[in-house]
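This is what each chain is made of:
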Amino acid sequence: MADNKTAAVSMPHHVILEDRRALTVSGVSDVDSFDEMTVIIYTDMGELTVKGEGLHINRLNIETGELTLEGQVQSLTYTEIQSRSGGFFGRLFK
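No experiment lies behind these values; they were computed from the predicted model shown.

**Q** I would appreciate a short explanation of a nonpolar patch on the surface in the present structure.
**A** A surface patch of nonpolar side chains, amounting to about 410 Å² of accessible area, comprises V15, L17, M45, L76 and Y78. Counting residues per element, the ones that place at least two in the nonpolar patch are β1 (14-18) and β6 (66-79). Positionally, L76 belongs in strand β6.

Take a look at the structure:
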């Protein structure tokens, strides 16, 4: 018997960093912003912020959820996905 919940199954999430110069991420749902210093990636595990120098995206395929980038990677930081309603002031005045 088929279950409708299988359609909502998230993609597997992997992060592979090679020599701090090449990064491969799977399970990517979107890219919020990018420049040579910062790339912000949305994944099912949270928002991933990559900081470094000379960063550029080589390949992005949202259908398969894969992203590859090159450059000098200095940090990888995850933050939880927060609802966009309310924002800072909504949390402040709860």
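What follows picks up the thread again.
**Q** Sorry, what's going on with the sheet that holds strand β2 (residues 22-26) here?
**A** What links the strands of a sheet is backbone hydrogen bonding, and the strands pair in either a parallel or an antiparallel sense. An order of β1-β2-β6-β5-β4-β3 is seen for the six strands of this open sheet, with the pairing classed as antiparallel. A single partner strand is all that each edge strand has here, and the edge strands are β1 and β3 (28-34). Taken over all neighbouring pairs, the strand axes of this sheet differ in orientation by 35° on average, direction set aside.

**Q** Would you mind going over the pairing of β3 with me for this structure?
**A** Here five bridges tie β3 to strand β4 (residues 38-43), and the two strands are oriented antiparallel to one another. Bridge assignment links V31 to a residue of β4, and that residue is I41. Here β3 folds back onto β4 in antiparallel fashion, the turn holding three residues.

Reading the values: the criteria
- Residues numbered from 1 in each chain as written.
- Predicted model: local features only at pLDDT ≥ 70, side-chain atom pairs only at ≥ 80, totals over all residues.
- Heavy atoms only, no water.
- Patch = residues over 30% accessible without salt bridge, like charges linked within 9 Å, V, L, I, M, F, W, Y side chains within 5 Å.
- Areas by Shrake-Rupley, 256 points an atom, 1.4 Å probe, with all protein chains shown as cover.
- Salt bridge = Lys/Arg side-chain N within 4 Å of Asp/Glu carboxyl O.
- Helix = DSSP H or I, 4+ residues; strand = E, 2+ residues; numbered from the N terminus.
- Pairing = 2+ DSSP bridges.
- Axes fitted to C-alpha atoms, helices over the stretch in contact; angles between N-to-C directions.

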